Amino acid sequence: MQQKMKERTEMNKKELHNMKLLEATDELIKLAKEDVPVRDKGYYTEQLIYQRGLYLRAEVENNILKVAFYLAEYLSMECRKPVYTLYIDKKNDVFKGYDYRTKKWSDSMLDKTIFSKWLYQENSYMKEADTALIQKYLESEYDDAFYALYVYQREQRHRRLGMKYEKILTSWDQCMDRLPKIPKDWLRWQKKVGITQNFIFYHYSRRKDQTGYCSWCESEVPISHPHHNTVGHCPKCRHQIQYKALGRAKNIETQKETAYLLQTCGNNEFVLREFQLQMLIVSSSYKKPVYSFFERRRILYDEELNTKEYYFGRHHWTKENRWIQGKLQVPLYPGYGGYMTYEKYNMGNIYGKSLYGIKNRTFRRTGFYEYAKAKRFLDPVSFFEMVRERPYLERLIKAGLYHLAEDIMDNKAQIYCEDSGDLGKALGIDRFRLKRLRTNNGGEIFLQWLLLEKAQNKLIRDDVISWMCREKFKPADLMFIMDRMAPLQIKNYLEKQAAESGESVKDLIKTWKDYLNMAIRVGVNVQDSVIYRARKLMQRHNEMIKEIEAKDLILRAGELEKKYPGLNRICRDLKKYEYADKEYQIVVPEKVDDILYEAKLMHHCVNNTETYYERMSQQESYILFLRKAEQPTEAYYTLEVEPDGTIRQTRTFYNQQNEDIELARDFLVKWQKQLKKKLAKEDYKLAVKSQSLRKKEIDELRSKGVRVNGVGYCNKLLAEILEEDLMEAGNRELEEQAA
């Protein structure tokens, strides 16, 4: 059928092309020659303006209207061939254009062609007979034939578009007509269950015992010592309420809440309907609240849980509110307009009575009914999406492992579930541990501890695992100490330390790790229980910090030399980087001890991390000292410098950069220039590598969003700080020199 339609289109084009060509008459050529253009000078361009510029002819052949378009510049050169011909078949309500310059067919309207500027000027030329012919053929009342052609095209497009949308809207309406009616008790369910915010209104009184009106009970109930806006429970219905004193409370508008209704829809399909619920109470008539129940979205699920989504909104074509297929979009910044984003689905109440009657076979295998009974609020859309990705969720839910299922749906857990008939075996545990997991309503963390218990073949008490879950400790978090202490001992130790120090258990874990790492660094035997189970952890941690700070710099220098061989040799090879003038001088360290001493004295980052020593050992960058010429032995600024003289960082006391560094900037530039004469080919090779590593590091810091908070910096990106510090040596031929 499509091939036949294509053949018809080709035949139609050939038929149009074989029609008689409308050539320009002598009269048109004469008029065009008399149409002398005027030169119009604009701001940037210069163009020729004709009095008319456009000429038209019309003719009807085989019940098809042909309109030829000629331009004055071609006619004045006696070119009789039209620039463009428009063919209109009013009977079949179609039109087609042919551009003789590009030799291509066109479906464009006249306002999208080069003739658009004549559309509203009414200065094109056409004989009265041709104008009358067009008016008669198109049954148009417009005197301007050119505009009449455009109006026909516009209305034809509108009719075709209307037919297209009519077909689409009809299919949507047919789909919506298949939906069942809402349950009879749906209205009451929304009021009593869907809306969770309730109030007790009372008249202010000094009496201890009085009565108030409960919005859920819809009756007077006894209350005692109520306070405006405090939360309590109704003594009659036991629902949570908020007290509202009449006279103080004005109009009350509850928060918008979401409710979901699931129903069978057609053969082996079901529909999920989302409602938005709200209650408005006017203080003068608080016993007669106004309810707002608005159905926003409908999602149709087939047997494979594939979806068709509809939302209620204003259609751009019909200009009326109706059901529209697609995703609901809302402003990204409400009240400001601009960008739109897809509306997320909220957690909501589920109408449980209709779940029994859903006949969809796949729905019964999702475990949704059991999960909805266990959870009052949930997001059904995300649930069905997750079940499609992870079918084993059904087994977990039907086994009563709701917490574990919830962790998986919140993307907090990634578990491996084997294809086995035994669920315990599928999870990597056994039936005994599966029963414990269900009894304790365990989640992913509980399961990890059970897996560890099975792997080590050592029983861990359920109350200990539950404590670990409350504190959110996974086995991996405690592996640093579990080779020496059992989980029960760890729990008791941390609880005791938390009670004595006032620190949280989570912070104590970090302190404990830090303490043991420092103990290893000092050389203490961390396998000794006196050490790893310190009686006063916080005190020993602080003492260890002081001990490390007091450690001999020579010892640390020896450690660094051992870890990064060649550091002292590299320091001795830096003599060519020395330079001085009347105000400043660059001093190079003779050995690692000099760097450690200055870093400790200035309290900056070179003293707290080994990164800079690692870079020096790989000759990625060097540590140099900037001193004042009149005070050559006193610390002033520490520089991190690349092999070609590019300065990465300049830091003074306490890792700061003061305004006085700007005074030394000219000196640093002068130092970089004179250094070029001293550098060897090997230095440039190292500089190319250093430059690449520096750019990679800055890109990684930017992608991770690492920020700095401190003196002079307020939540600023570290990548931006490093880029601002950078003083490149200006070696444009760096790679050429390295080669």
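Above this text you will find the structure in question.
Residues numbered from 1 in each chain as written. Predicted model: local features only at pLDDT ≥ 70, side-chain atom pairs only at ≥ 80, totals over all residues. Heavy atoms only, no water.

A. Expanded view of the overall build of the protein chain. From N to C terminus, the protein chain includes 27 helices and 29 strands. Relative to the globule expectation of 27 Å for 739 residues, the C-alpha radius of gyration of the protein chain, 41 Å, shows a markedly less compact shape. Summarising its shape, the C-alpha atoms of the protein chain cover approximately 110 × 90 × 65 Å along the three principal directions. Expressed as a percentage of the 739 residues in the protein chain, the buried residues total 45%. Sequence-distant contacts, at least 24 apart, represent 56% of the contacts inside the protein chain between residues at least 6 apart. Split by element, the accessible area of the protein chain, about 42800 Å² in all, is 48% carbon and sulfur. Side-chain charges in the protein chain split into 128 positive and 109 negative, and the spacing between the mean points of these groups amounts to 6 Å. (Helix = DSSP H or I, 4+ residues; strand = E, 2+ residues; numbered from the N terminus. Rg over C-alpha atoms; globule rule 2.2 N^0.38 Å. Buried < 20%, exposed > 50% of the residue type's maximum accessible area, 1.4 Å probe, protein only. Contact = heavy atoms within 4.5 Å. Areas by Shrake-Rupley, 256 points an atom, 1.4 Å probe, with all protein chains shown as cover. Lys, Arg positive; Asp, Glu negative; His and termini not counted. Charge placed at Lys NZ, Arg CZ, Asp CG, Glu CD.)

B. View of the state of the cysteines. A full pass over the atoms with the stated rule returns zero disulfides. Of the cysteine sulfurs around Cys234, a residue in no disulfide, the closest is that of Cys237, at 3.6 Å. (Disulfide = S-S within 2.5 Å.)

C. The arrangement of the pairing of strand E9 (residues 209–214) in detail. Relative to E9, strand E8 (residues 199–203) runs antiparallel, the two being bridged by two bridges. The partner of Phe201 across the bridge, within E9, is Tyr213. Linkage of E8 to E9, two consecutive antiparallel strands, is achieved through a turn of five residues. One ladder, built from six bridges, connects E9 with strand E10 (residues 219–224); its direction is antiparallel. Residue pairing across strands places Gln210 opposite Ile223, the latter belonging to E10. (Pairing = 2+ DSSP bridges.)

D. Spotlight on the packing of helix H16 (residues 487–501) against helix H17 (residues 505–522). Their axes nearest at 10 Å, the elements H16 and H17 cross at an angle of 105 degrees. With respect to their mutual orientation, H16 and H17 come out roughly perpendicular. Taken together, the residues of H17 that come into contact with H16 (itself represented by Ile490, Tyr493, Leu494, Gln497, Ala498 and Ser501) are Val505, Leu508, Ile509 and Trp512. Across the contact of H16 with H17, the residue classes break down as eight nonpolar, two polar and no charged. (Axes fitted to C-alpha atoms, helices over the stretch in contact; angles between N-to-C directions. Parallel < 35°, antiparallel > 145°, perpendicular 65-115°, else oblique. Nonpolar A, V, L, I, M, F, W, Y, C, P; charged D, E, K, R; others polar.)

E. Summary view of unusual backbone geometry. A positive phi is found at Asn62, a non-glycine position, where the angle reads about 55 degrees. Here Asn62 is to be found in the loop between strand E3 (54–61) and strand E4 (64–71). Overall, the relative accessible area of 56% leaves Asn62 in the exposed class. At Lys319, a position not held by glycine, the phi torsion is positive, near 60 degrees. Inspection of the secondary structure assignment puts Lys319 in the loop between strand E17 (307–314) and strand E18 (321–325).

F. Just the sheet that holds strand E7 (residues 104–106), in detail. Taken together, the five strands give an open sheet; going across it, the order is E3-E4-E5-E6-E7, and neighbouring strands pair in antiparallel fashion. Taken across any chain shown, the strands that pair with only one partner, and hence form the sheet edges, are E3 and E7. With strand direction ignored, the average angle separating the axes of adjacent strands in the sheet is 20 degrees. Relative to strand E6 (residues 94–99), strand E5 (residues 84–89) runs antiparallel, the two sharing six bridges. Counterpart to Tyr84 in the pairing with E6 is Asp99. Running at roughly 55 degrees to E3, helix H4 (residues 128–138) makes contact with E3, E4 and E5 of the sheet. Against the sheet, helix H5 (residues 145–177) engages E3, E4, E5 and E6, with an angle of about 125 degrees to E6.

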